[in-house]
Amino acid sequence: MKPPAHAPDWAALRADFPILDQTVHGRPLVYLDNAATTQKPRAVIEALTRYYERDNANVHRAIHELSSRATTAYEAARARAARFINAPLPEEIVFTRGTTESINLVAYVFTSRLKRGDAILLTEMEHHSNLVPWQLLAQRTGAQLLFVPVTGDEGLLDLAGLDALLRSNVKLFAFTHISNTLGTINPVAELCARARHHGAITVVDAAQSAGHLPLDVQALGCDFLAFSGHKMAGPTGIGVLYGRQALLESLDPFQGGGEMIASVQFEQSTWNKVPHKFEAGTPDIAGAVGLHAAMDYLDTVGRTAIGGHDEELARYAGERLRGIPGIRLLGPRGPRGGLVSFALAGIHAHDVVTFADQEGIALRGGHHCTQPLLRKLGVPATTRASFWLYNTREEVDRLAEVILRAAKFFGTQD
Ligand code: C6P
């Protein structure tokens, strides 16, 4: 379905998400933890139910009708995922459990390609999922890790030294599209072009952008891109790794088992074609069906409109929160993703989140799986509110009131 030309009716869309219609601790639920996982529209829940009620069977293995339907549905989801990010070929879509597994896959299969003297370039704002797999790869191969610095509380990448870093024998450059802790939107196309110029392969962590912005891997010019279904209206347990076909073809398999082989002998095996070479065992078929429904839903609403709505709520939240004494807001003041992240002097983020929960507001407090970043910024933890298409300005008003009350309650304000 084509996205509507007019602005979506955000209030009406709320009704698509049954879970939002409830009270928590006696207050209407305000769900502001969308960067952790989004809620699911009825269209996705019904697609999952329909699949299990009518079509459930294993894929690619049997000739019977249900297996054929399950295989068709699973492969249709792959083709839909390719269209969703404008990948040239469905074969360039590998289904995984999520962003974390997608990145681990790439890091694992590059083991035979790296050696001492090579470097892996990351940034200081990476989620642990885009840091630890590379640490493991570095340990296995002797390659070193290098980092693009973050400027400070404004949370931008300091790109002045990027070319010098890329000249240090960098084989892989992995970075996030949108920071889950700062809300920074990184210039992916520029970073990929500069990496390509120096012969480095790029891996884009799109966990926080896939459900918020249109993605076009050809325009971005990346080699790999990873995202999770559950952060974009889809089910948990399904994710995507996009990889350029020639690269996928040339790489070793990730896990061994059924589906990923062409022929097996007692001593050795040969591999199936991509993407099946990277999908050992029974995949999350229902998850792929649910993800298909989620992608349809997002494109019916319109990802450009969703991104604008989220950013506007984040901007408004920043404006409302900025005046609270003792508050330290992290992340860019200019264009940003749909979240606000802040620390209140003398109050731990977990206390703020617990206080807000009593008011029915779901926030997240902690290091958000970016411990090195927060350590660099000298903040033990932040409170984060992350917005999505069903959130409203009224909910931001409630957030601001409750954070002000929390600041008073815990004593930073008279
Ligand atoms: N962030 C949050 O910020 P998985 O768990 O595989 O679906 O996604 C991991 C991941 C990778 N990269 C980025 C930028 C992320 O934000 C995340 C998940 C969640 O609340 C959980 S810490």
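Residues numbered from 1 in each chain as written. Predicted model: local features only at pLDDT ≥ 70, side-chain atom pairs only at ≥ 80, totals over all residues. Heavy atoms only, no water.

**Points about the overall build of the protein**
Reasoning step 1: A tally of helices and strands in the protein yields 14 helices and 17 strands.
Reasoning step 2: Taken against the 2.2 N^0.38 rule, which gives 22 Å for 414 residues, the C-alpha radius of gyration of the protein at 22 Å falls within 12% of a compact globule.
Reasoning step 3: Considered along the principal axes of its C-alpha atoms, the protein spans approximately 75 × 55 × 40 Å.
Reasoning step 4: In the protein, buried positions account for 56% of the 414 residues.
Reasoning step 5: For the protein, long-range pairs separated by at least 24 residues make up 71% of all intrachain contacts whose partners lie at least 6 apart in sequence.
Reasoning step 6: Carbon together with sulfur atoms contributes 53% to the accessible area of the protein, which is approximately 17200 Å² in total. (Helix = DSSP H or I, 4+ residues; strand = E, 2+ residues; numbered from the N terminus. Rg over C-alpha atoms; globule rule 2.2 N^0.38 Å. Buried < 20%, exposed > 50% of the residue type's maximum accessible area, 1.4 Å probe, protein only. Contact = heavy atoms within 4.5 Å. Areas by Shrake-Rupley, 256 points an atom, 1.4 Å probe, with all protein chains shown as cover.)

**Focus on the nonpolar core**
Reasoning step 1: Counting residues in hydrophobic clusters, the biggest one holds 77 residues, and the most contacted among them are Ile85, Ile93, Phe95, Phe173, Leu225, Phe227 and Leu389.
Reasoning step 2: Ranked by the residues each element gives to this core, the list is headed by helix 10 (residues 285–301), at 11 residues.
Reasoning step 3: Mapped onto the domain boundaries, this core takes at least three residues apiece from domain 1 (10–37 + 302–409) and domain 2 (45–300).
Reasoning step 4: Setting aside residues no more than four positions away along its own chain, Phe95 makes contact with Tyr74, Ala77, Arg78, Ile238, Gly239, Val240, Glu279, Ala288 and Leu291.
Reasoning step 5: With 29 residues, the next largest nonpolar core counts Val30, Leu313, Ala385 and Ala400 among its residues. (Core = buried A, V, L, I, M, F, W, Y, C linked by side-chain atoms within 4.5 Å. Domains from an automatic or database assignment.)

**Here's the deal with the pairing of strand 14 (residues 339–344)**
Reasoning step 1: Counting buried positions over the six residues of strand 14 gives six, a clear majority of the element.
Reasoning step 2: Burial along strand 14 is two-sided: Leu339, Ser341 and Ala343 and Val340, Phe342 and Leu344, pointing in opposite directions, are all buried.
Reasoning step 3: Two elements, strand 14 and strand 17 (residues 382–386), share four bridges in a ladder whose sense is antiparallel. Bridged to Ser341 within strand 17 is Arg384. (Pairing = 2+ DSSP bridges.)

**Re the sheet that holds strand 14**
Reasoning step 1: Taking strand neighbours across the sheet as the criterion, the four strands line up as 13-14-17-16 in an open arrangement whose pairing is antiparallel. Each of the sheet's edge strands pairs with one partner strand only, and the pair in question is strand 13 (327–330) and strand 16 (364–366). Strand-to-strand twist of the sheet, defined as the mean angle between neighbouring strand axes without regard to direction, takes the value 30 degrees.
Reasoning step 2: Pairing between strand 13 and strand 14: four bridges, direction antiparallel. Among the inter-strand pairings, Ile327 is bridged to a residue of strand 14, identified as Leu344. (Axes fitted to C-alpha atoms, helices over the stretch in contact; angles between N-to-C directions.)

**Topic: the pattern of salt bridges**
Reasoning step 1: Under the counting rule described, the total for this entry stands at 24 salt bridges.
Reasoning step 2: A salt bridge links Asp55 to Arg69, with the shortest nitrogen-to-oxygen separation between them at 2.9 Å. Residue Asp55 is found in helix 2 (residues 42–55), and its partner Arg69 is found in helix 3 (residues 65–84); the two are separated by 14 residues along the sequence.
Reasoning step 3: Judged by relative accessible area, Asp55 falls into the buried class, the value being 13%.
Reasoning step 4: The shortest N-O distance in the salt bridge between Asp299 and Arg303 comes to 2.9 Å.
Reasoning step 5: Using a relative accessible area of 8% as the deciding quantity, one classes Arg303 as buried.
Reasoning step 6: Within the structure, one salt-bridge network assembled from shared partners comprises Arg80, Asp296, Asp299 and Arg303. (Salt bridge = Lys/Arg side-chain N within 4 Å of Asp/Glu carboxyl O.)

**Quick notes on the packing of aromatic side chains**
Two aromatic rings, taken as a pair, are described by how far apart their centres are and by the angle between their planes.
Reasoning step 1: In the structure shown here, the tally under the stated rule is 13 aromatic pairs.
Reasoning step 2: Residues Phe110 and Phe224 carry aromatic rings whose centres are separated by 6.2 Å and whose planes lie at 85 degrees to one another, so their mutual orientation is edge-to-face. You can see Phe110 sitting in the loop between helix 4 (99–109) and strand 5 (119–123) and its partner Phe224 sitting in strand 9 (residues 224–228), a full 114 residues away along the chain. Residues Phe110 and Phe224 agree in their burial class; the two are buried.
Reasoning step 3: Grouping aromatic residues by their ring pairs yields a cluster made of Phe17, Tyr297, Trp388 and Tyr390.
Reasoning step 4: Directly above the ring of Phe110 sits Arg113, whose terminal nitrogen or CZ lies 5.8 Å from the centroid.
Reasoning step 5: The aromatic ring of Phe84 is capped on one face by Arg303, whose charged end is 3.5 Å from the ring centroid. (Phe/Tyr/Trp six-rings, centres within 6.5 Å; stacked < 30°, edge-to-face > 60°. Lys NZ or Arg CZ within 6 Å of the ring centre and 35° of its normal.)

**Focus: the site of the ligand**
Reasoning step 1: Contacts to the ligand come from 17 residues, most closely from Thr100, Asp205, Gln208, Ser228 and His230.
Reasoning step 2: Side-chain polar atom of Lys231 to a nitrogen atom of the ligand: 3.1 Å apart, as the coordinates give it.
Reasoning step 3: Here Arg384 contributes a side-chain N or O atom positioned 2.7 Å from an oxygen atom of the ligand.
Reasoning step 4: For the ligand, whose accessible area on its own is 520 Å², the fraction buried by protein is 87%.
Reasoning step 5: Of the residues that constitute the shell around the ligand, the class distribution is four nonpolar, nine polar and four charged. (Near = heavy atom within 4 Å. Polar contact = N/O pair within 3.5 Å; in protein donor to acceptor, adjacent residues only side chain to side chain. Nonpolar A, V, L, I, M, F, W, Y, C, P; charged D, E, K, R; others polar.)

**Side note on helix 3**
Reasoning step 1: The end-to-end C-alpha separation of helix 3 is 28 Å, in line with the 28 Å expected for 20 residues at 1.5 Å each.
Reasoning step 2: Of all the residues in helix 3, the buried ones are Ser67, Ala70, Thr71, Tyr74, Ala77, Arg78, Arg80, Ala81, Ala82 and Phe84.
Reasoning step 3: Looking at the buried side of helix 3, the elements it contacts are helix 2, strand 4 (93–96), strand 9, strand 10 (239–243), helix 10 and helix 11 (303–322).
Reasoning step 4: Looking one or two places after helix 3, you find Asn86, whose phi comes out positive at around 55 degrees. (Expected span 1.5 Å × (residues − 1).)

**Some details on unusual backbone geometry**
Reasoning step 1: A cis amide bond, omega 5 degrees, links Val274 with the succeeding residue Pro275.
Reasoning step 2: The residue Pro275 is located in the loop between strand 12 (269–271) and helix 10 in this model.
Reasoning step 3: Phi is positive for Asn169, close to 60 degrees, though the residue is something other than glycine.
Reasoning step 4: Within the secondary structure, Asn169 is located in the loop between helix 6 (162–166) and strand 7 (170–176).

**Let's talk about the side chain of Lys231**
Reasoning step 1: Summarising the element assignment, Lys231 is placed in the loop between strand 9 and strand 10.
Reasoning step 2: Look at Lys231: it is buried, it has no salt bridge, and the nearest opposite charge is Asp33 at 8.0 Å.
Reasoning step 3: Side-chain polar atoms of Lys231 contact the backbone oxygen of Ala36, separated by 3.1 Å.
Reasoning step 4: Residues contacting Lys231, with those up to four places away along its chain left out, are Ala35, Ala36, Thr38, Ala207, Gln208 and Gly211. (Lys, Arg positive; Asp, Glu negative; His and termini not counted.)

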